[in-house]
Amino acid sequence: MAALGAGRAVAAGLLRAQSLGAWRGLRVPTATLQQNPQAKSQSAKPEGTFQVTMLPGDGVGPELMHAVKEVFKAASVPVVFDEHHLSEVQNMASEEKLDQVVDSMKESKVALIGKIHTPMEYKGELASYDMRLRRKLDLFANVVHVKSLPGYKTRHNNLDLVIIREQTEGEYSSLEHESAKGVIECLKIITRAKSQRIAKFAFDFATKKGRSKVTAVHKANIMKLGDGLFLQCCEEVAELYPKIKFETMIIDNCCMQLVQNPYQFDVLVMPNLYGNIIDNLAAGLVGGAGVVPGESYSAEYAVFEMGARHPFAQAVGRNIANPTAMLLSAANMLRHLNLEFHSNLISDAVKKVIKVGKVRTADMGGYATSLDFTQAVIAALEA
């Protein structure tokens, strides 16, 4: 493990920008590796380690983060967490706390976060803190890799598809008002610049990962201008990638096709709300919210999280939440940091425990607790 020190090359980036210019590519800046004993929140950071911002979030988030910390400790992962608590439901949300998280991200460039629950009550601010954080960091691309876990049988097995979602505009633009008594107008914002940017991200992702097809999901038959613009941007970008097959599909048909024949899909790209729905639907195909990792990107930052964002509040304190998705997300984060050995060590251990099948949480048909699963993963690290 000593060979994994600070001398390892910094990751060159997830993707490269080309003609559109909006997507500059992701990389771990050299500043992440610099040791500054005077820097805030890095004063105790040992040489050769990476700082990562952590937001445990709500629901079972803190319990899942504890599992990550225990596994990282057992695997001697060279990561130091700068932990912050941002929660609207626990009265731990304010502009000051939000700014502290953003400041931490400016320093670390990488974060591991749990679900920040959004209350349904309107208290004078339409945009949740979760959305405000994503906007401040310009986390425009959400990526959820839906892949079957070896040894865990579901209705559809051997699935391997990727859902890419634009997550800074669309229906989540927080632009609502009462135009007349009893009449609410909720604005959906689609822009050419952001539609091109997410389309290019999807095609760059497919190119880098060796995938052969991109499907643009839309409702342009009804929302002729809004979704029509999104679809037009995807078609324009597709022309720049002649080696990748391009298809389009209406969102309602896409939901049915995912349930009936998900094997036809490779990479799917879509606006905000559709992506939120499809993420959860697709996660259900391979085992549910507890097993699918996710990540969000801007040109500068990378955030790793569960693919199906669910606080699972009813499980808080019961020691029954499934740590799989969060552990796999953490492993993907390590790969982003170019810590390939530790990433493979942890992801292989998680998959080994699931494949053996002796230790599974209730959502996977077993009787193991969160702690049981975490301890089994730690034991598999050494096997």
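Here is what the cut-offs are and how they apply
- Residues numbered from 1 in each chain as written.
- Predicted model: local features only at pLDDT ≥ 70, side-chain atom pairs only at ≥ 80, totals over all residues.
- Heavy atoms only, no water.
- Helix = DSSP H or I, 4+ residues; strand = E, 2+ residues; numbered from the N terminus.
- Buried < 20%, exposed > 50% of the residue type's maximum accessible area, 1.4 Å probe, protein only.
- Contact = heavy atoms within 4.5 Å.
- Areas by Shrake-Rupley, 256 points an atom, 1.4 Å probe, with all protein chains shown as cover.
- Pairing = 2+ DSSP bridges.
- Right-handed = clockwise from strand over helix to strand, strands pointing away.
- Salt bridge = Lys/Arg side-chain N within 4 Å of Asp/Glu carboxyl O.
- Axes fitted to C-alpha atoms, helices over the stretch in contact; angles between N-to-C directions.
- Parallel < 35°, antiparallel > 145°, perpendicular 65-115°, else oblique.
- Left-handed = near helix turned anticlockwise from the far one by under 90°.
- Expected span 1.5 Å × (residues − 1).
- 1 Å grid on protein atoms, 1.4 Å probe; cavity = no way out; pocket = protein on both sides within 12 Å on 5 of 7 lines; lining within 4 Å.
- Points joined across faces, edges and corners; volume = space filled by probe spheres on them.
- Nonpolar A, V, L, I, M, F, W, Y, C, P; charged D, E, K, R; others polar.
- Arc of directions from axis to C-beta.
- Phe/Tyr/Trp six-rings, centres within 6.5 Å; stacked < 30°, edge-to-face > 60°.
- Lys NZ or Arg CZ within 6 Å of the ring centre and 35° of its normal.

1. Overview of the overall build of the protein chain
- When helices and strands are tallied, the protein chain shows ten helices and twelve strands.
- Per-residue burial over the protein chain gives 54% buried out of 383 residues.
- Restricting to contacts in the protein chain with at least 6 residues of sequence separation, those with at least 24 account for 73%.
- Approximately 17,000 Å² of the protein chain is accessible, and the part contributed by carbon and sulfur atoms is 53%.

2. Describing the environment of Ile244
- Here Ile244 shows up in the loop between α5 (226–238) and β9 (245–250).
- Measuring from C-alpha to C-alpha, the distance between Ile244 and Ser212 comes to 5.2 Å, with 32 residues separating the pair along the chain.

3. Comments concerning the pairing of strand β2 (residues 79–83)
- Strand direction decides the pairing type here: strand β1 (residues 50–55) and β2, joined by five bridges, are parallel. Counterpart to Phe50 in the pairing with β2 is Val79.
- Handedness of the crossover joining β1 and β2 through helix α1 (residues 61–74): right-handed.

4. Remarks on the pattern of salt bridges
- Scanning all chains against the criterion turns up 18 salt bridges.
- For the salt bridge of Arg165 with Asp279, the shortest nitrogen-to-oxygen distance reads 4.0 Å. One end of the pair, Arg165, is in strand β5 (residues 160–166); the other, Asp279, is in helix α7 (residues 272–286), and 114 residues separate them in sequence. Each member of the pair Arg165 and Asp279 is classed as buried.
- Here Lys219 and Asp252 are joined by a salt bridge, their closest N and O atoms 3.2 Å apart. One end of the pair, Lys219, is in the loop between β8 (213–218) and α5; the other, Asp252, is in helix α6 (residues 251–260), with 33 residues separating them in the sequence.
- Through salt bridges with shared partners, a single network forms among Asp130, Arg134 and Glu305.

5. So, the packing of helix α2 (residues 95–108) against helix α3 (residues 129–136)
- At a minimum axis distance of 11 Å, the contact between α2 and α3 shows a crossing angle of 40°. Taken together, the axis directions place α2 and α3 in an arrangement best described as oblique. The chirality of how α2 crosses α3 is right-handed. Contacts between α2 and α3 involve Glu95, Leu98, Asp99, Val101 and Val102 from the former and Tyr129, Arg132, Leu133 and Lys136 from the latter.

6. A few points about helix α8 (residues 324–336)
- Over its 13 residues, α8 extends 18 Å from the first C-alpha to the last, a length consistent with the 18 Å expected when each residue adds 1.5 Å.
- Most of α8 is tucked away: eleven of the 13 residues are buried.
- The complete set of buried residues in α8 reads Thr324, Ala325, Met326, Leu327, Leu328, Ser329, Ala330, Ala331, Met333, Leu334 and His336.
- Downstream of α8 by a residue or two, Asn338 has a phi angle that is positive, lying close to 70°.

7. Considerations on the sheet that holds β1
- Taken in spatial order, the ten strands make up an open sheet running β2-β1-β3-β12-β11-β4-β5-β10-β8-β9, and their pairing is mixed. The sheet terminates laterally at β2 and β9, the two strands that pair on one side only. For this sheet, the mean inter-axis angle between neighbouring strands, taken without regard to orientation, is 25°.
- Pairing geometry for β8 and β9, over six bridges, is parallel. In the strand pairing of β9, Ala216 is matched with Thr248.

8. Structural notes on empty space enclosed by the protein
- Counted according to the given criterion, the structure contains five cavities of 30 Å³ or more.
- What the largest cavity holds in volume is close to 70 Å³.
- Lining the largest cavity are Ile113, Gly114, Lys115, Ile116, Asp130, Arg134, Glu305, Met306, Arg309, His310 and Met326.
- Across the lining of the largest cavity, the residue classes tally to four nonpolar, two polar and five charged.

9. Describing the side chain of Ser195
- Following the sequence through the fold, Ser195 ends up in helix α4 (residues 192–208).
- In this structure, Ser195 is in contact with Glu169, Ile190, Phe230 and Cys233, ignoring residues within four places of it in sequence.

10. Section: α1
- Between the first and last C-alpha of α1 there are 20 Å, a value that for 14 residues agrees with the 20 Å anticipated at 1.5 Å per step.
- The complete set of buried residues in α1 reads Gly61, Leu64, Met65, Ala67, Val68, Val71 and Phe72. Seen from one end, α1 has its buried residues packed into an arc of 150°, which puts them on one side.
- Immediately downstream of α1, the backbone of Ser76 shows phi near 55°, a positive value.

11. A few points about the packing of aromatic side chains
- Enumeration according to the criterion identifies six aromatic pairs in this entry.
- With a centroid separation of 5.9 Å and an interplanar angle of 85°, the aromatic rings of Phe140 and Phe201 are classed as edge-to-face. With Phe140 in the loop between α3 and β4 (141–147) and Phe201 in helix α4, this residue pair connects regions lying 61 residues apart in the sequence.
- Judged by centre distance (5.2 Å) and plane angle (25°), the ring pair of Phe203 and Tyr241 falls under stacked. Taken as a pair, Phe203 in helix α4 and Tyr241 in the loop between α5 and β9 lie far apart in primary sequence, 38 residues in all. An identical accessibility class is assigned to Phe203 and Tyr241; each is buried.
- An aromatic cluster is built from Phe140, Phe201, Tyr297 and Phe304, whose rings are joined through pairwise contacts.
- Taking NZ or CZ as reference, Arg197 lies 3.9 Å from the ring centre of Phe140, over its face.

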